[in-house]
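An overview of the molecular structure
The lines below spell out each chain.
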Amino acid sequence: MVVQAEEGRLTTSSARILVATAVPVERDAVASAFPEPGAEASRPGVLLRRFPGGWDLLAAGVGPALAAASTASALTAAALDGAPYDLVVSTGIGGGFAPDAPVGSLVVADEITAADLGAETADGFLPVTDLGFGTVTHRPPAGLVRRVADATGARPGTVLTGSTVTGTAGRAALLRARHPRALAEAMEGFGVAEAAAAHAVPVLELRAVSNPVGPRDRAAWRIGDALAALTDAFGKLAPVLTSWNHHDPHDPHDPDDPHGL
Ligand SMILES: O=C(O)c1cccc(C(=O)CC[C@H]2O[C@@H](n3cnc4c(=O)[nH]cnc43)[C@H](O)[C@@H]2O)c1
């Protein structure tokens, strides 16, 4: 994999990386980290913005279902083209849990967790795994998460995925009680991760915090600041991805890897 950073902008890569945002304005914020405008590439069910070096950007839609469907379409198309992706990155704006993830900050997921996938019972919420189904958490490669955190200043932690934006202090407190490591909430990460897992492709989730998770206060959303943080972060991601090689079972930069440095 070869990715070069030039004045904080992404230039070349030999890896194939799919970056899935929810909406076009988030995709365009990521695109601003590239020196070129990119070119459109149409595949069944998806319209990609393609950049030299193997980067494809996709506005995959809002919510876990559409994000999963769009990401799966892109992954399948790439595989059928004979150029499968090496990494999928779910990214965009998100809500941050106070006080750990303030507005304007970045969060990188070490766990991508479906917050509302399960059953409500008289004794509380049961995740689908307790019912004997599927999964509720995907874990991105630990060494890659660490290096993304180091390079961008993103705080590592759990990023929750839900189909509903939290709008009350009570719901925010409930989520944090259930997921004490949760730093952020968004609506797509788990869907993107499910699609990536189906194709055995590693996944990352990086969120720029636009609003606190809690009582709905639309006027307090700082979407412009979060989008600017996203552009800045993707400029800094280049050297991180330069040395990451997921084909190598031993990550020399992962202190948890006994074969590493
Ligand atoms: O409440 C509104 O009026 C409103 C206005 C603009 C956007 C929204 C959204 O629901 C955007 C959802 C979109 O952004 C991500 N996101 C951002 N903050 C959060 C959050 O606190 N909780 C969940 N998702 C959030 C999400 O990934 C969607 O793509 C509402």
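What this report covers is the structure whose coordinates are included nearby. Just so we're clear, the structure is a prediction, and the values are computed from it rather than from any experiment.

1. Things to note about the pattern of salt bridges
Enumeration over the complete set of coordinates arrives at 14 salt bridges. Here Glu 120 and Arg 178 are joined by a salt bridge, their closest N and O atoms 3.9 Å apart. With Glu 120 in strand β9 (residues 118–121) and Arg 178 in helix α4 (residues 169–178), this pair connects stretches of sequence that are 58 residues apart. Classification of Arg 178 as partly exposed rests on a relative accessible area of 28%. Each member of the salt-bridge network shares a partner with another, and the members are Asp 110, Glu 111, Arg 139 and Arg 181.

2. Quick look at the site of the ligand
The local shell around the ligand holds 15 residues, among which Glu 185, Glu 188, Asn 211, Arg 216 and Arg 218 are the closest. Here Met 187 contributes a backbone N or O atom positioned 3.0 Å from an oxygen atom of the ligand. One nitrogen or oxygen atom from the side chain of Glu 188 is found 2.6 Å from an oxygen atom belonging to the ligand. With respect to the detected pockets, the ligand is housed in the largest pocket. Counting residues per element, the ones that place at least two in the shell around the ligand are β7 (87–96), β13 (182–186) and β14 (203–212). Residue classes in the shell around the ligand are distributed as six nonpolar, four polar and five charged.

3. Quick notes on the nonpolar core
Within soluble globular proteins, side chains that are nonpolar tend to cluster in buried spots. By size, the foremost hydrophobic cluster in this structure holds 32 residues, and its most contacted members are Val 19, Val 148, Leu 206 and Phe 234. Mapped by element, the contributors of at least two residues to this core are β3 (17–21), α1 (24–31), β6 (55–59), β7, β8 (106–114), α3 (142–152), β14 and α6 (223–242). Examining the composition of this core, we find that eight residues originate from one element, α6, more than from any other. Those residues in contact with Leu 206 that sit more than four places away from it in its chain are Ser 90, Thr 91, Gly 92, Val 107, Val 108, Val 148, Ala 154, Ala 233, Phe 234 and Leu 237.

What counts and what doesn't
- Residues numbered from 1 in each chain as written.
- Predicted model: local features only at pLDDT ≥ 70, side-chain atom pairs only at ≥ 80, totals over all residues.
- Heavy atoms only, no water.
- Salt bridge = Lys/Arg side-chain N within 4 Å of Asp/Glu carboxyl O.
- Helix = DSSP H or I, 4+ residues; strand = E, 2+ residues; numbered from the N terminus.
- Buried < 20%, exposed > 50% of the residue type's maximum accessible area, 1.4 Å probe, protein only.
- Near = heavy atom within 4 Å.
- Polar contact = N/O pair within 3.5 Å; in protein donor to acceptor, adjacent residues only side chain to side chain.
- 1 Å grid on protein atoms, 1.4 Å probe; cavity = no way out; pocket = protein on both sides within 12 Å on 5 of 7 lines; lining within 4 Å.
- Sits in = over half its atoms within 2 Å of the grid points.
- Nonpolar A, V, L, I, M, F, W, Y, C, P; charged D, E, K, R; others polar.
- Core = buried A, V, L, I, M, F, W, Y, C linked by side-chain atoms within 4.5 Å.
- Contact = heavy atoms within 4.5 Å.

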